[in-house]
Number of protein chains: 2
Amino acid sequence: MKEREIGDAWKGPPQCRSCGIRDLVLFADLRQTDFSLIHLPIDEVRFKPGESLYHAGDSKPYLFTLREGTVKLVQYLPDGSHRIVRLLRQGAVAGLEALLGEPYAHTATALQPVLTCRIPRAVVDRLSAETPRLHTQLMKRWHQSLQQADDWLTELSTGSARLRLARLLLQMLDATDGDICHLPIREDVGAMLAITMETASRTVAEFRRAGLIADVGDHLVRCNREGLEDVVAEA
Amino acid sequence: MKEREIGDAWKGPPQCRSCGIRDLVLFADLRQTDFSLIHLPIDEVRFKPGESLYHAGDSKPYLFTLREGTVKLVQYLPDGSHRIVRLLRQGAVAGLEALLGEPYAHTATALQPVLTCRIPRAVVDRLSAETPRLHTQLMKRWHQSLQQADDWLTELSTGSARLRLARLLLQMLDATDGDICHLPIREDVGAMLAITMETASRTVAEFRRAGLIADVGDHLVRCNREGLEDVVAEA
DNA sequence: CGCTTGTTTGACCAGACTCAAAGGTTGTGG
DNA sequence: CCACAACCTTTGAGTCTGGTCAAACAAGCG
């Protein structure tokens, strides 16, 4: 719930230019001169697991670039049920809808310790008006989000629980290197795959017994890529 | 499969300015002077039901504004299975990914007789570079698509078949006025709701018997809004 | 008229949901 | 340091929805 600014010094332009993940983020294509157009502070904001960057329905003029950690986007229905519609990782942007003056469509919650750059809408608006170099990056972000949404629709919302879990794990492996990935709590697994927590638990346990995954502590699992691919293939 | 240009005269700017659905489409905010920047022909292209505007994997430099009819966006998985991830209606834009030089992510197929304006990518690129008035519209389109994708995930991919069908019908009613909406063939209903054709058929038949819908010919049904809302509410 | 395409329905079965209870962990306060 | 609470996970038993396979029926078309 609480955000903690790291000091209140203007963390903007100087940091952006030398940003460690510059080539991953929204400002990847900006040139030296463009940075002088940034006239509002871009703060680094940290969130602890379980804290939310923003809540569905909020209207605030900020978007967030994810520097570290993973964020879940949760969409709620009028009846109170909910579904995780996307996971955001390093380099992704959360809250693009703020650029349109729309309230946030989801609640964005940290799954792990998260480090973000909080960008005021006005900064992007100004850069957009002055330089075309941001447009492409913005469209790429929209496109990525949409592609991910469509993939969830086809991969994680169809087929048996086994199949969905296998696809989820493979998707998470793609996002990291190595065979280790983060496996969220069962309730979140359920909310991602549109199955119940119990089915998620049973299926995870089954995968464990079948040697497809092995716990390595702290919600991390080592995955057997080939095995998981077999599960997907044979289905 | 085949596109048919209506003549080969340049159908662009003059028509755009006086477009009947100008306020709905991508060029809504353009001014008189902006139209002079359009240097390539924008053709009206018609598609018969079952014909495709484009196929997944194609790389062509066109996006399409939908003037009449409904289009389904179908995404395919490596294993050959597929899912309908979105329906596009009047005013919507298909093939936005062409702006990024990406191959089309879906196959876009007409469900009814469809009339489109086929816009070369270069036209949008040029307008984008010269005027900021297109940006907002473009972002709105991306945002709409994303919102629709997320809604499908939460509304049409969770809950029982009854619930999903009720939500689908209510969604389609929102898109039209009156209580009549188009109900696609059962296989497409199944591909939208991630259920089998048989379950789709059974559920439609059940709704018909319960008086929630009534056939009025040619794949059109009159819907009982309150009844459908009850189905959604009681679930 | 026969063919294709779409729809409906039945019977059976399996996977997933529900309800319920029992272990594990973690963190907190005594 | 221990005990308890809160939270998460696992497992079981019973039920029911939806998948599968199969057949019959209807409509459109060459």
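No experiment lies behind these values; they were computed from the predicted model shown.

1. Notes on the overall build of chain A
Inference 1: Along its length, chain A carries eight helices and twelve strands.
Inference 2: For a compact globule of 235 residues, the expected C-alpha radius of gyration is about 18 Å, and chain A comes in at 19 Å, within 12% of that figure.
Inference 3: Taken along the three principal axes of its C-alpha coordinates, chain A extends 55 × 40 × 30 Å.
Inference 4: The 235 residues of chain A split such that 40% are buried.

2. Comments concerning the pairing of strand E4 (residues 62-68) of chain A
All names here are of chain A.
Inference 1: Taken across its seven residues, E4 has five buried, putting it largely inside the fold.
Inference 2: In this structure, E4 lies alongside strand E9 (residues 114-120), joined through six bridges in antiparallel fashion. Looking at E9, one finds that Leu63 is bridged to Ile119.
Inference 3: Alignment of E4 against strand E7 (residues 93-94), held across two bridges, turns out to be antiparallel.

3. Thoughts on the nonpolar core
Inference 1: Core analysis: the biggest nonpolar cluster contains 135 residues, and A:Leu63, A:Val71, A:Ala94, B:Leu63, B:Val71 and B:Ala94 have the highest contact counts within it.
Inference 2: Excluding residues within four positions of it along the chain, A:Val71 makes contact with A:Leu53, A:Leu66, A:Leu88, A:Ala94, A:Ala108, A:Thr109, A:Ala110, A:Leu111 and A:Val114.

4. Some thoughts on the domain arrangement of chain A
Frequently, the measure chosen for interface size is the accessible area that the parts lose on association.
Residue and element names in this part refer to chain A.
Inference 1: Partitioning chain A into structural domains gives domain 1 (4-131) and domain 2 (157-234).
Inference 2: Placing a centre on the C-alpha atoms of domain 1 and another on those of domain 2 gives a separation of 28 Å.
Inference 3: Taken residue by residue, the interface counts seven residues in domain 1 and seven residues in domain 2.
Inference 4: When residues in the side of domain 1 that touches domain 2 are grouped by element, the largest group, three residues, is from strand E6 (residues 82-88).

5. Quick word on the environment of A:Ser128
Residue and element names in this part refer to chain A.
Inference 1: The residue Ser128 is located in helix H3 (residues 121-130) in this model.
Inference 2: Here Ser128 falls in the partly exposed class, since 18 other C-beta atoms lie within 10 Å of it.
Inference 3: For Ser128 and Leu138, which are ten residues apart along the polypeptide, the C-alpha to C-alpha distance reads 9.4 Å.

6. Comments concerning the relation of the copies chain B and chain A
Inference 1: When chain B is fitted to chain A, the best match, at an RMSD of 0.0 Å, comes from turning it 180 degrees and sliding it 0.0 Å along the axis. Both copies are brought into coincidence by an operation consistent with a two-fold rotation axis. Closest approach to the rotation axis among the C-alpha atoms of chain B is made by B:Leu146, whose C-alpha sits 2.7 Å away.
Inference 2: Interface overlap between copies: 100% of the residues of chain B at the interface are likewise at the interface in chain A, consistent with a symmetric, same-surface contact.

7. Let's talk about the protein's contact with DNA strand C
Inference 1: Lining the immediate environment of DNA strand C, one finds 15 residues, of which A:Ser160, A:Ala161, A:Thr199, B:Arg186 and B:Ala205 sit closest.
Inference 2: Elements with a minimum of two residues in the surface near DNA strand C: helix H7 (197-209) of chain A together with helix H6 (186-193) and helix H7 (197-209) of chain B.
Inference 3: Per-element tally for the surface near DNA strand C: the top contributor is H7(B), with six residues.

8. Brief notes about the sheet that holds strand E10 (residues 180-182) of chain A
Residues and elements named next belong to chain A.
Inference 1: Read from one edge of the open sheet, three strands run E10-E12-E11, paired in antiparallel fashion. Pairing within the sheet leaves two strands with one partner each, and these edge strands are E10 and strand E11 (213-215). Taking the axes of each pair of neighbouring strands and ignoring which way they run, one obtains an average angle of 35 degrees across the sheet.
Inference 2: Here E10 pairs with strand E12 (residues 220-223) via three bridges, running antiparallel. Residue pairing in the sheet places Cys181 in a bridge with Val221 of E12.
Inference 3: Strands E10, E11 and E12 of the sheet are contacted by helix H5 (residues 161-175), whose axis makes an angle of about 110 degrees with E10.

9. With respect to the interface of chain B and chain A
Inference 1: On the chain A side, the residues contacting the 28 residues of chain B number 28 residues.
Inference 2: Elements with a minimum of two residues in the side of chain B that touches chain A: strand E6 (82-88), helix H3 (121-130) and helix H4 (133-156) of chain B.
Inference 3: With 13 residues, the single largest contributor to the side of chain B that touches chain A is H4(B).
Inference 4: Taken together, the residues of the side of chain B that touches chain A sort by class into 14 nonpolar, nine polar and five charged.

10. Description of the protein's contact with DNA strand D
Inference 1: In the vicinity of DNA strand D lie 16 residues, with A:Ile185, A:Arg186, A:Ala205, B:Ser160 and B:Thr199 positioned nearest.
Inference 2: Listing elements by their share of the surface near DNA strand D, those giving two or more residues are helix H6 (186-193) and H7 of chain A together with helix H5 (161-175) and H7 of chain B.
Inference 3: With six residues, the single largest contributor to the surface near DNA strand D is H7(A).
Inference 4: Residues that form the surface near DNA strand D fall into these classes: six nonpolar, four polar and six charged.

11. Topic: H5(A)
Inference 1: With 15 residues, H5(A) should cover 21 Å at 1.5 Å per step; its first-to-last C-alpha distance of 21 Å lies within 8% of that length.
Inference 2: Among all positions of H5(A), only A:Arg164, A:Leu165, A:Ala166, A:Arg167, A:Leu168 and A:Leu169 are buried.

Conventions used here
- Residues numbered from 1 in each chain as written.
- Chains lettered and ligands numbered in written order.
- Predicted model: local features only at pLDDT ≥ 70, side-chain atom pairs only at ≥ 80, totals over all residues.
- Helix = DSSP H or I, 4+ residues; strand = E, 2+ residues; numbered from the N terminus.
- Rg over C-alpha atoms; globule rule 2.2 N^0.38 Å.
- Buried ≥ 20, exposed ≤ 12 C-beta atoms within 10 Å, placed from the backbone.
- Pairing = 2+ DSSP bridges.
- Core = buried A, V, L, I, M, F, W, Y, C linked by C-beta atoms within 7 Å.
- Contact = placed C-beta atoms within 7 Å.
- Domains from an automatic or database assignment.
- Least-squares fit on C-alpha atoms with pLDDT ≥ 70 in both.
- Near = placed C-beta within 6 Å.
- Axes fitted to C-alpha atoms, helices over the stretch in contact; angles between N-to-C directions.
- Nonpolar A, V, L, I, M, F, W, Y, C, P; charged D, E, K, R; others polar.
- Expected span 1.5 Å × (residues − 1).

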